[in-house]
Amino acid sequence: MQDTSGQGQNSQQHPTDTTGVGAAADHTSNRLPELSGNGSFGRPTPRHDGTLKVTGQARYAADHPIRRVVHAVAIQSTIANGRVKNIDASAAEKAPGFLAILHHGKAPKLYRPSNDFMSATKPGEIRVVFEDDRVYYAGQYIALVVAETLQQANYAASLVKIEYDFLHPVIDTDQAMNTVYDPEQFFGEKLTAQRGDPDGSYAAAAVKHEATYSTPLEHHNPMEPSASMAEWNGDELTLYETTQWVVGARNTVAETLGVPQEKVHIVSPFIGGGFGCKGFIWPHSVLSAIASRQVGRPVKLNLTRKQMFSACGHRSETRQKVRLGAAADGKLTSIFHDTLVQTSPVDEFIESCGTTTEMLYSCPNVGIAHHAVRVNIATPTPMRAPGENPGTYALESALDELAYKLKIDPVELRIRNHADTNEHTKQPWSSKYLKDCYRMAAEKFGWSKRNPEPRSMRDGKLLVGWGMATATYPGMRNPGAAKVRILQDGSATVVSATQDMGGGTYTTMVQVVSDALGIPVERIQSTLGDSMLPPAPVSGGSMTTASVLPAIRKACEQALTKLVQTAIGDENSPMHGKKEDEITAQNGRVFVKGSSPSSGNTYAEVLASKKMAAVEGEGFLQPGEERKKYAFQSFGAQFVEVKIDPEIARARVTRVVSAFDVGKVVNPTTARSQGYSGIIMGIGMALMEHTIYDDRDGSIVNSNLADYAVPVNADVPDLEVLFVDKPDPYIDDQGIGARGIGEITITGVAAAVANAVYHATGQRIRDLPITPDKLLQV
Amino acid sequence: MQPFSFTQARSEDEAMAQLRQNSRFIAGGTTLVDLMKLDVETPAHLVDINALSLNKIETLADGSLRIGAMVRNSDLAHDAAVIKNFPVLSQALLAGASAQLRNMATTGGNLLQRTRCYYFRDPAYAACNKRRPGSGCAALEGFNRIHAVLGGSEHCVATHPSDMAVAMVALDAVVHIRGPKGERQVKIEDFHKLPGTTPQIETVVEPGELITYVTLPKSAFSTRSAYVKLRDRASYEFALASAAVALDLNGKTIRSARLALGGVATKPWRSHEAEQALTGGQASDQAFRAAAEAAMKSARPLRYNGFKIELAKMALVRALNEAAQL
Amino acid sequence: MDSPGWNRRSFLKAAAAAGAAAAMPDIAVPEPQVKPDVPASSQSIRLKVNGTSRQLNVDTRATLLDTLREQMGMAGTKKGCDHGQCGACTVHVNGRRINSCLTFAVMHDGDEITTIEGLADAGQLSPMQAAFVEHDAFQCGYCTPGQIMSATALLREPVGNTDDDLREAMSGNICRCGAYPNILAAIKSVRSQHS
């Protein structure tokens, strides 16, 4: 989701923000202490929600205890193209506990939402569930059965007989080339770009490299399958959801049901991972709602693991042709990156592999193109660094190949082509420490000891390979709002309709409040994942930190101002009658500047004296002019060691050292974990992950966690994650200075692994994953 | 899942007596519950045999090891006698599944483990001769990367997924079966059946019969044994290819050998050809490679699984090297 | 942070529901209406869960996992795959870790079950729970109950001392967030206290 337009989300315009432009135009005197690093901000801080998670008390979507809840089971198409001819539910209807069946011939009318990302009405797939009898892909929802218990619902669903008119599906990209087209844009970003003369410069280049790299279709597979629990109270709907976007879920579900947004309440305090597949809103959230209305009882719909392979998106396979031309000194003279991906018959989502290539290196001649075909597979969706991740696999593999042709060290090659500005947008970077990343990671890794010759390094019988790649991801930001309350007992609360899918938002929210108000983290409670709270953007595009934390600091400032005004207006206060700018705050006390803090009052005393329960501040901030002046981008370097046992075709990643420049690191504890997270998912991408479709009927043959291999503990070696940790001076005006972290950490990993495999073996593998069958001849 | 009735048996006699039409014994449940959820197995009645006292590992007077059918995989893997005298079995067990599943899965149940063939496990596929005899085989022309290169027929190419059984083949195990007609013993090599024209018949176990014990005879080769398993990830995954080997060495001379393969064949696969190639010769990397060639000589690749032939050879050579410790 | 994400209105509703859960009634599980052509499919069993014995009438088809979650109101144990392929549902039965999704509740009449809800002692986190917090051994937290139940059981198992031994012993618990290095660190810290 490469939205960097900086425009506000219309529906999220906060009612109390009368300026309409947020903080960019609102530079009131800042009463808050500077983020000096003396508090918890920037320091390792244990997770605020840690105890709930280790005791089993954290409630995920399917965990909420709801009285009289009944169970729904979805029936999915077993064909990938055609029509539903007949649905025979007669046996199911007689099954014990049966309550209802819904399908295209028997469902309330549903409506297509406006499908607009900025107004938070973008569904995962624009075709509405049960819209008609057409089948476009295997796994499409055909019917929903509701029964008293889960066992009864499963059994009743198994009794429903569905007849289809079968049409031959198109699954393979080669077979779909008659549908190929050039998509125009992806979330506002053009998918075709050219500067200079990429063809002519390539023809004239001293050293050339051209190759095609491919990545397979992949699935997110968060550990928590999506679930939706619906409960109607009159015409008001509460949905217990697992969503990366409570505001989006509210707006999209409301529009799909044809009811006002105010009637829909999304509750999603904990999300069992998402990685993109819970970003947009998928049909199950609507299915539980209409089923609940139908049976007059709360309904729980918990997707199966198998359903997760067709019901909430995937990453398209990619085929990427990369062509590089360089002068003998390694300076890039031509880059061309041409991407072919798949999308579905019913909607468009483009894995935009080339957009990163536009700016990652300095080069006068660059050409980017994207093409798509339509296949009978469900609609793709963002999956951890959509575009950047497979895109960097191709580009960074190609650069490694070029480095060998040039006989230049791969790190040195990248430094020689360092982009001092964003040559695509012609903007200076807001901040960029990529060279520091190379240096820090290379030193820690011991890169200087690398013999570049393939097959030259050994550990006994094992071939050792060292490879590296650049990592990058945009520094996105969207409008965000929050409220902070200082309570009469001196504690505080902070709320925002943001989400925490494991990145640590609960904790960073508290850290910001703690430092701003001088209240210990233990005395602050953060609340999120509820659509009734002040709106925040999707937890996607690595934008939560940059979007929400500045608003929280702003809210702290307003709350503190109100507290100061309360003290000034209180005849019994030592601050009575002072001017606002004569008062300052420190460690939970307000007092007259220049005097001893003990001469003032604690927050609790100020409120108690006026018999007030609390003061509340609101913050609503959005990106502004800075987005026109600067390019915001995070960078990093991934260094990987592999050891390959050529006698048994086994490759294992044995060491990874990575360094990232993501601006300020708010919480080194959770940031490091996010580093591990992306690297490990990248190892999975490099060595094992691929979803397999049977070309004959379009079904997924490995739609389970035994056959779709993701890394297990034994696959993961010692990892080291380093951060430059220098604040981005322009991303916000509240001194937070943090860009997101969730996605950059996976970018470049697969390329670094593949480059290490080449270094170990002399064999270049250009199609992922690097499974044993591709290592038989090393 | 289909409704079913359930009874619990406290003895072998009770277990037999509780059988009804379309019944299954349930022990660890790791295969049966899984397949019942997929509607691949649809028993009307389950007889729970977890309370049976077949849960002991005993060294008999003749030095053989008697393993009760209800002994859990984890207990068998960590048994001191197994680790000392039959290391290949311990290694194979620990290479299988996960610690949790090994705490559930039983010795008898593991022998009856059913294939991981995608098409067998998904009733949406009409064609599966194992599930619906005579319906065809979706895997033959389908995505068959995980399927068999040895022992397949035009009716079925599904692999047997067990690691334990492969090790037992290399140990000349004997399966003890009790049924209405009394008790019988079957050599493990004969226990599993090739698919042929009847892939739905996977073992010699008849309806109404119960596996009671597996015995491992004392042999000159069982202590010098090893298991090697190759797969896409490091753990918690079925084999693409695995090898169990046991060697009786006199110095470097191979007096006798047992070689079995997993992940590549329709049953736990003993390679007499490879054993013959080794017997009487000198243990060497070259001899091991020749044996591996012999083992895979009759392999028949399908569209996506040709790599398994080479991979199986690699597993065999590695296992032989580990067992011989040259 | 008792009820993150809940405003007052939903909190009141939740409080009522939570009260109900504390009493642990058999939530919304009516007697299955057995029809003549369907085999008898419910049975009465006694489960001892986290030290408390409870008599339950269960559908024979109900797994131990679904019984804990849907019938006993104990949602700490998670369903990640429902086929023994992820480990999120790991509980202890008679002291040993198993996948509760691959076993029927009726098979556990009289068994002692320990779930994630039963590890803390009077509000005091168990050493493994505390170590998971200290080492940030989770992110989204969904696989965490299973990881902790596995890690706790592991302390009693014959597992070797190398990092690779521990990694292998924990490989039956998939963590898609990739907390593996921190899980390893947490287990090592508890093991070193033990020895």
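1. Observations concerning the overall build of chain C
Broken down by element type, chain C carries 6 helices and 5 strands. Helices and strands in chain C line up, N terminus first, as α-β-β-α-β-β-β-α-α-α-α. Sequence separation of 24 or more characterises 55% of the internal contacts of chain C that already satisfy a separation of 6 or more. Accessible surface for chain C amounts to roughly 6,700 Å². Of this, 51% is attributable to carbon and sulfur atoms.

2. A few points about the interface of chain A and chain C
Chain A puts 87 residues into the contact, and the matching count from chain C is 64 residues. Across the chain A/chain C interface, buried area totals approximately 6,100 Å², and carbon plus sulfur atoms make up 57% of it. The largest contributions to the chain A side of the interface with chain C come from Val54, Met223 and Asn713 of chain A, which together make up 13% of the buried area. Where chain A meets chain C, there are 6 salt bridges. Counting only elements with at least two residues in the side of chain A that touches chain C, the list comes to helix H1 (50–54), helix H3 (150–158), strand E12 (236–241), strand E13 (264–267), strand E24 (524–527), helix H14 (668–687) and strand E31 (718–723) of chain A. Here the residues of the side of chain A that touches chain C are counted per class, giving 37 nonpolar, 32 polar and 18 charged.

3. Quick look at the sheet that holds strand E30 (residues 650–661) of chain A
Residues and elements named next belong to chain A. Ordered in space as E20-E21-E29-E30-E31, the 5 strands form an open sheet in which the pairing is mixed. Sheet topology places strand E20 (457–459) and E31 at the edges, where each strand pairs with a single neighbour. Each strand axis lies, on average, 30° off the axis of its neighbour in the sheet, ignoring direction. The pairing of E30 with E31 spans 6 bridges and is parallel. Pairing of Phe660 across the sheet is with Phe723, part of E31.

4. Structural notes on the packing of aromatic side chains
Considering all chains together, one arrives at 26 aromatic pairs over all chains under this definition. Note on Phe270 of chain A and Tyr506 of chain A: the rings are 5.4 Å apart at their centroids and 40° apart in plane angle, and the pair reads as tilted. Of this pair, Phe270 of chain A sits in the loop between E13 and helix H6 (284–295) while Tyr506 of chain A sits in helix H10 (residues 505–517), and the two are 236 residues apart along the sequence. One exposure class covers both Phe270 of chain A and Tyr506 of chain A, and it is buried. Ring geometry for Tyr119 of chain B and Tyr125 of chain B: centres 4.7 Å apart, planes at 85°, overall edge-to-face. No difference in accessibility class separates Tyr119 of chain B from Tyr125 of chain B, as the two residues are buried. Sitting over the face of the ring of Tyr202 of chain A, Lys208 of chain A holds its NZ or CZ atom 5.2 Å from the ring centroid.

5. Some points on the interface of chain C and chain B
Contacts between the two partners involve 34 residues from chain C and, on the opposite side, 38 residues from chain B. Here chain C and chain B share an interface that buries about 2,700 Å² over both sides, 55% of which is from carbon and sulfur atoms. The interface formed by chain C and chain B contains 2 salt bridges. Across the pair Arg96 of chain C and Asp75 of chain B runs a salt bridge, and its minimum N-O distance is 3.1 Å. Remark: the boundary between chain C and chain B carries 18 residue pairs in polar contact (both at pLDDT 80 or more). Elements supplying a minimum of two residues to the side of chain C that touches chain B: strand E4 (96–99) and helix H5 (163–169) of chain C. With 4 residues, the single largest contributor to the side of chain C that touches chain B is E4 of chain C. Residue composition of the side of chain C that touches chain B, by class: 13 nonpolar, 15 polar and 6 charged.

6. A word on the domain arrangement of chain B
Here chain B is partitioned into domain 1 (5–47) and domain 2 (225–324). Centre-to-centre separation of domain 1 of chain B and domain 2 of chain B, based on C-alpha positions: 36 Å.

7. Notes on the packing of helix H7 (residues 388–406) of chain A against helix H15 (residues 749–761) of chain A
Each pair of packed helices can be described by the angle between their axes along with the distance between the axes. All names here are of chain A. Closest axis-to-axis distance for the H7/H15 pair is 8 Å, and the angle between their directions is 30°. Relative to H15, the element H7 lies roughly parallel. Handedness of the H7/H15 crossing: right-handed. Of H15, the residues touching H7 (which contributes Thr392, Tyr393, Glu396, Ser397, Asp400 and Tyr404) are Ala750, Ala751, Ala754, Asn755, Tyr758 and His759. Residues that form the contact of H7 with H15 fall into these classes: 6 nonpolar, 4 polar and 2 charged.

8. Observations regarding the pattern of salt bridges
Residues and elements named next belong to chain A. Throughout the structure, instances matching the rule amount to 75 salt bridges over all chains. In this structure, Arg319 and Glu317 form a salt bridge, with 3.3 Å as the shortest nitrogen-oxygen distance. The shortest N-O distance in the salt bridge between Lys554 and Glu557 comes to 4.0 Å. A residue pair is termed a helical-turn pair when its members lie 3 or 4 positions apart in one helix, as Lys554 and Glu557 do in helix H11 (residues 544–568) at 3 residues. Neither residue differs from the other here; Lys554 and Glu557 are each classed as buried.

9. A few points about the nonpolar core
Formed by 320 residues in total, the largest nonpolar core has its most connected members in Leu257, Leu517, Ile552 and Val590 of chain A, Leu261 of chain B together with Phe104 and Phe132 of chain C. Dropping the residues within four chain positions of it, Val590 of chain A is found in contact with Leu560, Leu563, Val564, Met575, Ile583, Thr584, Ala585, Gly600, Asn601, Tyr603 and Val606 of chain A. Core analysis: the second largest hydrophobic core is formed by 47 residues, Phe25, Leu54, Leu93 and Met168 of chain B among them.

10. Side note on the environment of Trp447 of chain A
Residue and element names in this part refer to chain A. With respect to the element layout, Trp447 can be found in the loop between helix H9 (434–445) and E20. A C-alpha to C-alpha distance of 44 Å links Trp447 and Ile519, two positions 72 residues apart in sequence. Ignoring anything within four residues of it in the chain, the contact list for Trp447 reads Asp409, Pro410, Val411, Ala442, Trp466, Gly467, Met468 and Phe639.

11. Notes on helix H5 (residues 246–257) of chain A
All names here are of chain A. With 12 residues, H5 extends 16 Å between its outermost C-alpha atoms, agreeing within 8% with the 16 Å of an ideal straight helix rising 1.5 Å per residue. Within H5, 11 of the 12 residues are buried, which leaves the element mostly enclosed by the surrounding structure. Buried within H5 are the following residues: Val246, Val247, Gly248, Ala249, Arg250, Asn251, Thr252, Val253, Ala254, Thr256 and Leu257. The inward-facing, buried residues of H5 contact strand E11 (227–233), E12, E13 and H6.

12. Details of the side chain of Lys122 of chain A
Residues and elements named next belong to chain A. Note that Lys122 resides in the loop between strand E3 (98–103) and strand E4 (134–135). Although Lys122 lies buried, it forms no salt bridge, and the closest oppositely charged side chain, Asp347, sits 4.4 Å away as judged by the N-O distance. Every residue in contact with Lys122, bar those within four places of it in the chain, is listed here: Asn115, Asp116, Phe117, Phe187, Trp245, Thr252, Phe280, Ile281 and Asp347.

13. What to know about the domain arrangement of chain C
Residues and elements named next belong to chain C. Domain parsing of chain C yields domain 1 (41–118) and domain 2 (127–194). Of note, the centres of domain 1 and domain 2, computed from C-alpha atoms alone, are 22 Å apart. Taken over both partners, the interface formed by domain 1 and domain 2 buries close to 1,300 Å², and the fraction arising from carbon and sulfur atoms is 53%. Looking at the side of domain 1 facing domain 2, the largest losses of area belong to His92, Arg97 and Ile116, adding up to 47% of the total buried there. Applying the counting criterion to the domain 1 and domain 2 interface returns 1 salt bridge. The tally of links between domain 1 and domain 2 comes to 10 residue pairs in polar contact (both at pLDDT 80 or more). Residue composition of the side of domain 1 that touches domain 2, grouped by class: 3 nonpolar, 9 polar and 3 charged.

14. Re the sheet that holds strand E12 (residues 269–270) of chain B
Residues and elements named next belong to chain B. With antiparallel pairing, the 4 strands of this open sheet are ordered in space as E9-E10-E11-E12. The open sheet terminates on both sides in strands that have one partner only, identified here as strand E9 (225–230) and E12. For strand E10 (residues 241–250) and strand E11 (residues 253–262), the ladder comprises 9 bridges, and the chain directions are antiparallel. Bridge pairing in E11 links Ser242 to Gly262. This element, helix H5 (residues 87–95), spans E9 and E10 of the sheet and lies at about 20° to E9. Here helix H12 (residues 307–324) sits on the sheet in contact with E9, E10 and E11, set at roughly 35° to E10.

Here is what the cut-offs are and how they apply
- Each chain carries its own residue numbering, running from 1 in the direction its sequence is written.
- Just so you know, chain letters begin at A and ligand numbers begin at 1, following the order they were written in.
- Since the coordinates come from a predicted model, pLDDT governs what is reported: local features require at least 70, and pairs of side-chain atoms require 80 or more to be given and counted, while whole-chain, interface and lining totals use all residues.
- As a rule here, side-chain values come from all non-hydrogen atoms in the structure, and water together with hydrogens is ignored.
- Working definition: helices are DSSP H or I runs of at least four residues, strands are E runs of at least two. Numbering for both runs from the N terminus.
- Whether two residues are in contact is decided by their heavy atoms: any pair within 4.5 Å suffices.
- The Shrake-Rupley method, run with a 1.4 Å probe sphere, supplies the accessible areas, and residue values consider only the shown protein chains as cover.
- Buried area, as used here, totals the accessible surface that two parts lose on assembly, with accessibility defined by a 1.4 Å probe and the loss added over both.
- By definition here, a salt bridge exists when the distance from a side-chain nitrogen of Lys or Arg to a carboxyl oxygen of Asp or Glu is within 4 Å.
- Any residue outside Ala, Val, Leu, Ile, Met, Phe, Trp, Tyr, Cys, Pro, Asp, Glu, Lys and Arg is labelled polar, Gly included; the first ten of those are nonpolar and the last four are charged.
- Note on pairing: DSSP must find at least two bridges between two strands before they are called paired.
- An axis is simply a line fitted to the C-alpha atoms; with a helix, the fit covers only the stretch in contact. Between two such axes, the angle follows the N-to-C directions and lies from 0 to 180 degrees.
- Here a Phe, Tyr or Trp ring, Trp counted by its six-membered ring, pairs with any other such ring whose centre lies within 6.5 Å, and the pair is stacked when the planes are under 30 degrees apart, edge-to-face when over 60, and tilted otherwise.
- Partly exposed residues are those whose accessible area sits between 20% and 50% of the maximum for their type, while under 20% is buried and over 50% is exposed, using a 1.4 Å probe and protein chains only.
- Note on criteria: charge over ring means Lys NZ or Arg CZ within 6 Å of the ring centre, with the direction from the centre no more than 35 degrees off the ring normal.
- The definition of a polar contact used here is a pair of N or O atoms within 3.5 Å, where within protein one atom must be able to donate a hydrogen and the other to accept one, and adjacent residues in sequence count solely through side-chain atom pairs.
- Here the bounds of each domain stem from an automatic or database domain assignment.
- Throughout this description, any angle smaller than 35 degrees is read as roughly parallel, any larger than 145 degrees as roughly antiparallel, any in the 65 to 115 degree range as roughly perpendicular, and the remainder as oblique.
- In this scheme the handedness of a crossing depends on how the near helix is turned from the far one: anticlockwise by less than a right angle means left-handed, clockwise means right-handed.
- Among buried residues, those of type Ala, Val, Leu, Ile, Met, Phe, Trp, Tyr and Cys that are joined through side-chain atoms within 4.5 Å constitute a nonpolar core.
- For a helix, the expected span equals 1.5 Å multiplied by the residue count minus one.
- Working convention for charge: Lys and Arg count positive, Asp and Glu count negative, and His plus the chain ends are omitted.

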